[in-house]
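# Commentary on secondary and tertiary structure
The lines below spell out each chain.
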Amino acid sequence: MPLPRTRGTALRHRLAELRGPDVAAKALDARALAALAANPGCKRRAILDGAGVNKAALASALGSPSAFGQSQFALTRGNAFEAKVKADGGAELLRLVHEKLDRGAEPPAHARVPELAAIGPEGRTARTALALREAGEARGEWTLLDHPMLALDVAGSPAFLEPDAVVVHPDGSWTVVEIKSFPMLDGSADPAKVGAAARQAAVYVLALEQIAARLASDSAPAPRVRHRVLLVCPKDFSNLPTAAAVDVRKQRAVTARQLARLTRIEDIADTLPDGICFSPDLPAADLTAAVESVPATYAPECLSACELAFHCRARSRASGAVTSLGRSVRAELGDLTTVEDVLSAARGETGDPDDPAVAALRRAAHLRAEALGREAQALGRKVPAAGQPADALGLEAVAPCR
Amino acid sequence: MTAVFDPGAAATEATDAILRDTLHGTARGVVVDSPPGAGKSTLVVRAALELADAGRPLMVVAQTNAQVDDLVLRLAEKNPELPVGRLHSSDADPYDKALDDLPNVRKSAKAGDLGGLSVVISTAAKWAHVKVDEPWRHAIVDEAYQMRSDSLLAVAGLFERALFVGDPGQLDPFSIVGSEQWAGLSYDPSASAVTTLLAHNPALPQHRLPVSWRLPASAAPLVSDAFYPYTPFRSGTDHGDRHLSFGVPSDGSGPDRVIDEAAESGWGLLELPARHTPRTDPEAVRAVATVVRRLLDRGGAATSERSPDPAPLTADRIAVGTAHRDQAAAVRAALAELGVTDVTVDTANRLQGREYDVTVVLHPLSGRPDATAFHLETGRLCVLTSRHRHACIVVCRAGVSELLDDYPSTEPVQLGTLVKFPDGWEANHAVLARLAEHRVAWRP
Amino acid sequence: MSLIATLARLEAVSTGRAQPIATVRHRRLSERPLVFVPLTTAGEAGAPLGALVGTDRDAPHLLVVPQPRDRDLRFAFLSELADIVLPYIDTYAEDVEAAERNETDPETGKRVKVEVELCADAPQLILPSRAGVDFVRLLGRSMRFRRTAEQDPETPYPAPPRVPLLGRWLTHFGERARVPGSSLLLAMTDVLARHWATGQSTLEDQHLGALLAWIAPPQGETGAEAALRAELARDAQGQLLCPPAGPATDPAFDNKLLAPAFERYDRARTALAAAEDGLEADDRLGDLTAAEREIRALVESRTRPTWDAVWRGLDLVRELPEAGRVEERWTRDRWSFTGHRDRVAAGEPPQPRRDDAVTAANKLAAREREQARLEAQEALDDPLVMAGRRLSGEAFAGEVTEVVMAYSEGKRPSPRPLVTVRTDDRPHLGERAKVFRSLGGKPQSAEFVGYEEALDKGDEDGGVGEDGRDAGALLVLRVLDKMGRGKEPEEGSVPEKGDLVCFTLFEHEQRGGAKLPDPEETPWTHGGPPGEQVSEAADPLTEEDVL
């Protein structure tokens, strides 16, 4: 099939141009792939991720550095905990897999822990695939793959992923293991963090499913990749590991769909003017223009999910977009999208009074002004320099309704 | 499996097994999943009559007063001699006045007044205030999937054993305050009654009514696949068993063409141009009203296994479903302008359990700038797309598919909770994909 | 977010400062709140790093754990915290008044009134943010099952005497904070955000510094500018000018300042332990003290700005007059406080790790009731909140245009006057819908009879005037109660022509829910009785319970 290959090559070439000469592509990891679902409507993020642009470097070059950092205390603890979980040939980890996911199987008295070291990600990927195949042949035994390397095809390029562990059960099925250092307190854990772990694990499940499909032959069906992953965390306030099974079917479906949609980066790339480049070495003004040429859909949730968020927030605020106040704000505003449009419609200066959004805004403005003893027409107009904060609060005595 | 599927036989077999477990089984509870229109009410009435016949005092727990009154009426219709108690609240107009015409139905706000009757029926809220020395031998809990776990906790001491009946695909119960702190507990008070019941009693017999008598052959596969992927059901009728026709030919307008499409295929999508609108999108509201007006004006006639002679498609056989109450109000106002006053217009919550020949649905995501968990809730779309016997017409602005694709998926995950399947996002995609095959562009 | 609140946010954007979304204060603020600004160690569950705590804004107590991995130092911190918090609580526990409570008589099963003590006031804990409130719960959970040497001489790492008790109190405060409208434990960000809308998102409002910047920006600066500075500005060393309100610290602080300070402290301690004689020990003790002082200074530098911000927030909110029904809700907080005081005094065990089925259901029901109560009360107390309910069709206000006397049928006719109200609002009134107005603080109910021909029925859906007002509608209500026992209504109990009235479609008072079974009668559907109450075991301690 020569045609797709050519098109693929052309795209890779185009994406390299976007990245800038001599700028290596930033490999996508599971966290980045899982984050694709955080704001899938954002074309800016899609093209930057697709082209392997280092968004943190880009954000700094734009003058709005990202604020993601990790405390070394957390890092130390995370590493120490993982080491503890995997100590002793992973005995404790395998015990948890058996207890939480596969009680019917023979308890893992001893397990195979194949050596996965190899040179380069490609080498490690091949080594992992081989280990998985061999584990499948060792029916009836438990196998622990410590930090395997998986490749996942993302819009034509391979992304290399490194799960904490993959366990092959005696029945030949595979389980993804995520080891996290946030606690499970009395059996429950921070739902936001569990959600993030589940999305990340779903990426590994997808990658494993690609490998499993390749292992299928006429004589043997593809190994089953379990859709319940094992999340291992410290128990309560201790450093003892405990675990819970997490069903990632939903996250897997969402991520699979978003990965499939990533192919549209070609369409986005096609809409960009020639000569656009996101290299952090360019002057800030050029970069701003380049970034601006791809539309973003900024929302406050981006602040915790995207390195470029502060830049996009500043642009979104400058343009007066109401969504900079939150996605939900738009729900009742119809096709009014800027702060000034909404306020002027509410003041009665613009807008079609038959449009229910406009009518509701005017009623809201009127009711609000009435309750505050103000004029609706003055809505959102600057009050001449209020001295004390309380002056600006509009605390005219309005008797509560009887 | 080469045998031809016989819906009647399959349904009878299921019902027999349920009644056997209920009347003669040893388990304290029996759970029955009933997809839309699978004869849940018929089952409840039949089980009640057989339990009464067996001389076992029976209490029936339903969730709303309307459901309670409906059950009383159905029971009296099947057996006018049966002494039935209707336990009601002490509010004004606590029950349907039609009950006053039934000689063997006794009504009271005090359970003590209803002692010795074969069957006593009330809402879960009212039952919760009842105290008994001796529990009822048997109970039937209707709409058990819409009942909250804490509500079951309040009444479960009143009976020894119970038959739990409900539709798992409809809207889940909710609470107005956060209940995350109990997520993952087997008795999470905000979970559904059935979830708690089965968590504590996993060995209870569980049955499923396998046949929808309401949904036509055109609708059952879609509703089953999209909303009941692990518990599929079939339509009781086949393609060609039902027929919807119109005396007045199409005038070529969008509404008429979508009506014809829906009459032919069972589904119709009337698509308005993409635009972000407030909930009460005037154009979409007008489109809904126009479709209803045309349905009435065009002299519709429905033939089905029930009536081989064409039955006229009258206003009481049509319903409009919306996601929000203000949308329902706007549609009612628009219908009034067109001189239509007696077509039911309601939200999904209130349409649960109801049945019509044709439904017109304002898609929950139509015109929205963003999707929310509320709008994606599986049960909402399931209710809206499973009320019809003949055809369902969905009115929607273009762009919903993109809206779904752009929906951020960052849901938190509570350990220990069952993942609700399918999720709204996938179900919405499935329904949209199917509707797209029956798309008609809006042209007034 | 209601459209009125959305408008307030947009107004804030365009005026450059936060806008009011309440005209009165909807939360109780104690005259002597205990402010608590804790910090925690990254990556460790419940390992405190330090805190500022106290009731005197000019003299907070600084508590520091110079090495959070050291159990003894953590216990010392908790012990010190208990020595500050528990005496504060005790002052409120001792001051009581007589009150009555309905109880079920164990012998007759009847509801009877019992004379009991009610604490005259209750303590109040103020945390900077919601994350702080969660940390209070975490601390409570980590302490309440600890064993002291007195409780259990065998326990391997006995906790200081009052630590388990502090855990029980913090747990109680944390649990009470989940009850809508309660004020025993408040997050300053929540209190501020309840009363002002800023020009940023609710997510960004979680940052106390940014939130305050919008509400009271410094002279010559807009809220947006000040908030941005509070959020992101860093000094030459790369440290945030406005440190996060905690309990989590900024990673740059951990990595650049805290980690080296811990290292120096650890080195000094090792050196001290290795000292070979008294003289050397004295020297090395000096080093250790210096290292500890350095960590204390670091912790103070990160907590003091937040401490000051919390008090500034208190000043701002205090300027709003307290809403009328706050006192009633505070009384419920006092009952809650008194109840826990009594449970502690009666020697009951600490709160279990998980609620049983009945307790969980009772809590959920109570919170739903309180949520409905809060929503009703806030609207009745505050015309701006009521405006939101009017906009959403759940209430209407207008002028009485006509009152016609009418009577109920029956042997003893009672007054059922028909009141016509002209309103610009558009309530969602169904047939015979019940509506309520507040009459002397009590709800009076009326029934919707129907619409009279509207004044201007030019437009079917009501029509909107040029200024955004409706042309108005006339609706007729039948007043149902609160008119006395006589044939004629009591003076002032029926609105008169020309009166301005406001009716709600929601009820003003909440009915009590059904009584649930006692836990020992938990039905089979919910797992049956939980069985004999066993006292919860302490968390197992490992050699090193934090890494």
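Of regular secondary structure, chain A possesses 13 helices and 8 strands. Each principal axis of the C-alpha atoms in chain A carries an extent, and together these give about 80 × 60 × 40 Å. Burial analysis of chain A (402 residues in total) assigns 48% to the buried set. Contacts spanning at least 24 positions in sequence make up 63% of the contacts within chain A whose residues lie at least 6 apart.

Taken together, the 26 residues of chain B in the interface contact 24 residues of chain C. For the side of chain B that touches chain C, the secondary structure elements donating two or more residues are α5 (149–155), α6 (193–200) and α10 (325–337) of chain B.

In this assembly, 63 residues from chain A lie in contact with 65 residues from chain C. At the level of elements, α5 (72–101), α12 (339–347) and α13 (356–372) of chain A are the ones that each hand at least two residues to the side of chain A that touches chain C. Take the side of chain A that touches chain C: its biggest share by element is 13 residues, from α13 of chain A. For the side of chain A that touches chain C, the per-class residue count stands at 39 nonpolar, 14 polar and 10 charged.

Attention now goes to α6 of chain B. Taken together, the buried positions of α6 of chain B are Ala 193, Val 194, Thr 195, Thr 196 and Leu 197 of chain B. Turning to α6 of chain B, the residues buried within the fold contact β1 (29–33), β6 (136–141), α5 and β7 (159–166) of chain B.

This paragraph deals with the confidence of the model for chain C. Model confidence for chain C is summarised by a mean pLDDT of 91, while 94% of its residues fall at 70 or above. Across residues 455–470 of chain C the pLDDT falls below 50, and counting only partners more than four positions away or on other chains, this stretch makes 32 contacts in the model.

The subject of this paragraph is the sheet that holds strand β1 (residues 111–112) of chain A. All names here are of chain A. Spatial ordering of the open sheet is given by β1-β2-β5-β6-β7-β8, a layout of 6 strands whose pairing is mixed. In this open sheet, the two edge strands, each paired with only one partner strand, are β1 and β8 (241–247). With 7 bridges connecting them, strand β7 (residues 228–234) and β8 associate as antiparallel partners. In the strand pairing of β8, Arg 228 is matched with Asp 247.

What follows deals with the domain arrangement of chain C. It is common to report an interface's size as the accessible area lost on association of the parts. Residue and element names in this part refer to chain C. Domain parsing of chain C yields domain 1 (18–199 + 232–240 + 307–351) and domain 2 (382–504). Centre-to-centre separation of domain 1 and domain 2, based on C-alpha positions: 44 Å. In this complex, domain 1 contributes 5 residues to the contact, which on the side of domain 2 involves 4 residues. A class-by-class count of the residues in the side of domain 1 that touches domain 2 yields 4 nonpolar, 1 polar and no charged.

Time to look at the domain arrangement of chain A. All names here are of chain A. Assigned domains of chain A: these are domain 1 (2–69 + 264–323) and domain 2 (72–259). Each of domain 1 and domain 2 has a C-alpha centre, and these two points are 30 Å apart. Each partner contributes residues to the interface: domain 1 has 15 residues there, and domain 2 has 14 residues. Where the side of domain 1 that touches domain 2 is concerned, the elements lending two or more residues are α1 (2–19) and α2 (30–35). Looking at the side of domain 1 that touches domain 2, the element that brings in the most residues is α2, giving 4 residues. Split into classes, the residues belonging to the side of domain 1 that touches domain 2 amount to 10 nonpolar, 2 polar and 3 charged.

A few words on the sheet that holds β6 of chain B. For sheets, the rule is that strands pair by backbone hydrogen bonds, running either parallel or antiparallel. All names here are of chain B. Strand order in the open sheet formed by 8 strands is β4-β3-β5-β2-β6-β7-β1-β8, with parallel pairing between adjacent strands. Lying at the two open borders of the sheet, with one neighbouring strand each, are β4 (105–108) and β8 (206–208). With direction set aside, neighbouring strand axes in the sheet form an average angle of 20 degrees. In this structure, β6 lies alongside β7, joined through 5 bridges in parallel fashion. Note that in β7 the partner of His 138 across the bridge is Arg 161.

Before going further, it helps to spend a moment on the packing of helix α4 (residues 55–62) of chain A against helix α10 (residues 284–292) of chain A. All names here are of chain A. Between α4 and α10, the least distance of the axes is 9 Å, while the angle of their chain directions is 125 degrees. What the angle tells us is that α4 and α10 run oblique. Between α4 and α10, the contacting residues are Leu 58, Ala 61 and Leu 62 on the first element and Ala 284, Leu 287, Thr 288 and Val 291 on the second. Tallied by class, the residues present in the contact of α4 with α10 amount to 6 nonpolar, 1 polar and no charged.

Residues and elements named next belong to chain B. Burial of strand β13 (residues 300–303) is one-sided: the residues Gly 300 and Ala 302 facing one way are buried, the residues Ala 301 and Thr 303 facing the other way are not. Pairing of strand β11 (residues 243–246) with β13 involves 4 bridges; the strand directions are antiparallel. Bridge pairing in β13 links Ser 245 to Ala 301. Both β13 and strand β14 (residues 311–312) contribute to a ladder of 2 bridges, which runs antiparallel.

Here we come to unusual backbone geometry. Here the amide bond leading from Gly 246 of chain C into Pro 247 of chain C is cis, since omega sits at 0 degrees, within 30 degrees of zero. Tracing the backbone shows Pro 247 of chain C in the loop between α7 (223–232) and α8 (251–273). Backbone geometry at Asp 88 of chain A places phi at a positive 65 degrees, although glycine is not the residue there. With respect to the helices and strands, the residue Asp 88 of chain A is situated in helix α5. Judged by the 10 C-beta atoms lying within 10 Å of it, Asp 88 of chain A falls in the exposed class. The phi torsion at Asp 93 of chain B lies on the positive side, around 50 degrees, for a residue other than glycine. Note on placement: Asp 93 of chain B falls in the loop between β3 (84–87) and β4. Given 10 C-beta atoms within a 10 Å radius, Asp 93 of chain B is considered exposed.

A few words now on the packing of α13 of chain A against helix α12 (residues 383–391) of chain C. In the contact formed by α13 of chain A and α12 of chain C, the axes pass within 8 Å of each other and the chain directions differ by 155 degrees. With respect to α12 of chain C, the axis of α13 of chain A lies roughly antiparallel. The handedness of the crossing between α13 of chain A and α12 of chain C comes out as right-handed. Taking contact as the criterion, the partners of Arg 363, Ala 364, Leu 367, Arg 368, Glu 370, Ala 371 and Leu 372 of chain A in α13 of chain A are, on α12 of chain C, Pro 383, Leu 384, Ala 387, Arg 390 and Leu 391 of chain C. Considered class by class, the residues forming the contact of α13 of chain A with α12 of chain C number 8 nonpolar, no polar and 4 charged.

As a further point, take the pairing of strand β15 (residues 500–504) of chain C. All names here are of chain C. With 4 of its 5 residues buried, β15 lies for the most part within the structure. By the bridge criterion, 5 bridges tie strand β10 (residues 395–404) to β15 in an arrangement that is antiparallel. Within β15, the residue paired with Ala 397 across the bridge is Cys 502.

About the criteria used
- Per chain, residue numbering runs from 1 following the sequence as it is written.
- Going through the entries in the order they are written, you letter the chains from A and number the ligands from 1.
- Totals for whole chains, interfaces and linings use every residue, but because this is a predicted model, local features are given only for residues with pLDDT of at least 70 and side-chain atom pairs only at 80 or more, for both listing and counting.
- A run of H or I in DSSP becomes a helix once it reaches four residues, and a run of E becomes a strand once it reaches two; helices and strands are each numbered from the N terminus.
- Note on burial: count the other C-beta atoms lying within 10 Å of the residue's C-beta; 20 or more is buried, 12 or fewer is exposed, in between is partly exposed, and C-beta positions come from the backbone.
- Residues are treated as contacting if the C-beta atoms built from their backbones sit within 7 Å of each other.
- Polar here means any residue other than Ala, Val, Leu, Ile, Met, Phe, Trp, Tyr, Cys and Pro, which are nonpolar, and Asp, Glu, Lys and Arg, which are charged; Gly is therefore polar.
- Confidence per residue, as judged by the predictor, is encoded in pLDDT with a range of 0 to 100.
- By definition, two strands form a pair when at least two bridges between them are found by DSSP.
- Note that domain bounds follow an automatic or database assignment of domains.
- Axes, fitted as lines to C-alpha atoms, cover a helix only where it is in contact. Angles between the N-to-C directions of the axes lie from 0 to 180 degrees.
- With respect to orientation, any angle under 35 degrees is reported as roughly parallel, any angle over 145 as roughly antiparallel, any angle of 65 to 115 as roughly perpendicular, and every other angle as oblique.
- Two helices crossing with the near one rotated counterclockwise from the far one by less than a right angle form a left-handed crossing, whereas a clockwise rotation gives a right-handed crossing.

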